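# Remarks on the overall topology
Here is what each chain is made of, one letter per residue.
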Amino acid sequence: MEMHFDQHISRQFNEDLESIKTEMLEMGGLVTRQVADAVESLANADSELAEKVLRIEEEIDKREMAIDEHATLIIAKRQPAASDLRMVMSIIRIARDLERVGDEASKVAKMAIALTDEGTAPKGYTEIRHIANAVRKMLNDALDAYTRFDVQAAMSTLAEDEQVDMDYRSAVREMVTYMMEDPRSISRVINVLWTLRSLERIGDHAKNICEQVVYLVEGADIRHGHEDKLKKVR
């Protein structure tokens, strides 16, 4: 009887973990779509699509709060230990990063509306699309690595952030030079610079998700440039 009770509790616990993981991955899918739509709205001067991106932000906020509440209940009721606790903590952290990705996507959508209202396609769209494609791939790959508990895939994706940072700095230099040569472009270029900054931040959040994969599988916290721990994982 006692063994049956323990098995029942264990099954419920596993179902709780699987449920909250599913909630987080569904949130990830929604955020990934939001980023894609935000960039598309900018590239096509589609203010209607940009408005749709802004409306989704509230739904993403609600999902993060629901995941946070669900995780709190799991910890309080089940008191998970070791790898199970790491699973819950990683989901909380990833949901927080996904919410912030949603915030950055909303900023891109707002820039799309502003640039559309100005009526002139500014220099910088090529750079925006290039960096946007890179960070979208990072975000997709990071979530896929989490789904498969694949540390090597997470590490490969994490390393891509360095290239994104280099491309971002290069694009900023080009935009500043363009702005200095043509002062009439200042307003438009500033919007482009803020868009590039938001995309670079999305790459940072994808990197954070990769770090959570390592934390979940290996139990190693490689945040904040802990190179010694990073080498051990490799």
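Going by the structure above, here's the rest.
Presented here is an overview of the structure given in this document. (Residues numbered from 1 in each chain as written. Predicted model: local features only at pLDDT ≥ 70, side-chain atom pairs only at ≥ 80, totals over all residues. Heavy atoms only, no water.)

A tally of helices and strands in the protein yields seven helices and zero strands. Counting helices and strands in the order they occur from the N terminus, the protein gives α-α-α-α-α-α-α. Burial statistics for the protein: of 234 residues in total, 44% are counted as buried. When contacts within the protein are restricted to residue pairs at least 6 apart in sequence, those whose partners lie at least 24 apart make up 81%. When the accessible surface of the protein is split by element, carbon and sulfur atoms take 51% of a total near 12,200 Å². (Helix = DSSP H or I, 4+ residues; strand = E, 2+ residues; numbered from the N terminus. Buried < 20%, exposed > 50% of the residue type's maximum accessible area, 1.4 Å probe, protein only. Contact = heavy atoms within 4.5 Å. Areas by Shrake-Rupley, 256 points an atom, 1.4 Å probe, with all protein chains shown as cover.)

The subject of this paragraph is the environment of Ile128. As for its position among the elements, Ile128 is in helix H4 (residues 125–148). Through-space distance from the C-alpha of Ile128 to that of Leu199 is 8.0 Å; in sequence the pair is 71 residues apart. In this view, Ile128 contacts Leu42, Val192, Thr195, Leu196 and Leu199; residues no more than four positions away in its chain are not counted.

What follows is about the packing of H4 against helix H6 (residues 186–218). It is at 9 Å that the axes of H4 and H6 come closest, and there the two elements cross at 15°. Considered as vectors, H4 and H6 are oriented roughly parallel to each other. Crossing angle aside, the handedness with which H4 passes H6 is left-handed. Contact with H4, carried on its side by Glu127, Ile128, Ile131, Ala132, Val135, Met138, Leu139, Ala142, Leu143, Ala145 and Tyr146, involves Val192, Thr195, Leu196, Leu199, Ile202, Gly203, Ala206, Lys207, Ile209, Cys210, Val213 and Leu216 of H6 and no other residues of that element. Taken together, the residues of the contact of H4 with H6 break down into 19 nonpolar, two polar and two charged. (Axes fitted to C-alpha atoms, helices over the stretch in contact; angles between N-to-C directions. Parallel < 35°, antiparallel > 145°, perpendicular 65-115°, else oblique. Left-handed = near helix turned anticlockwise from the far one by under 90°. Nonpolar A, V, L, I, M, F, W, Y, C, P; charged D, E, K, R; others polar.)

Attention now goes to the packing of H4 against helix H5 (residues 151–181). Orientation of H4 relative to H5, taken along the N-to-C sense of each, is 165°, at an axis distance of 10 Å. Classified by the angle between their axes, H4 and H5 sit roughly antiparallel to one another. Seen along the crossing, H4 lies across H5 with a hand that is left-handed. Taking contact as the criterion, the partners of Glu127, His130, Ile131, Ala134, Val135, Lys137, Met138, Asp141, Ala142, Ala145 and Arg148 in H4 are, on H5, Ala153, Ala154, Thr157, Glu160, Asp161, Val164, Asp167, Tyr168, Ala171, Glu174 and Met175. Residue classes in the contact of H4 with H5 are distributed as twelve nonpolar, two polar and eight charged.

Attention now goes to unusual backbone geometry. Note: most peptide bonds trans; most residues except glycine with negative phi. In the Ramachandran plot, Ala45 falls in the positive-phi region, its phi being about 50° despite a non-glycine side chain. Relative to the assigned elements, Ala45 resides in the loop between helix H1 (2–43) and helix H2 (47–78). A positive phi angle, near 50°, is found at Phe149, a position not held by glycine. Within the secondary structure layout, Phe149 lies in the loop between H4 and H5. With relative accessibility at 36%, the residue Phe149 sits in the partly exposed group.

All we've got here are geometric facts, nothing functional implied.
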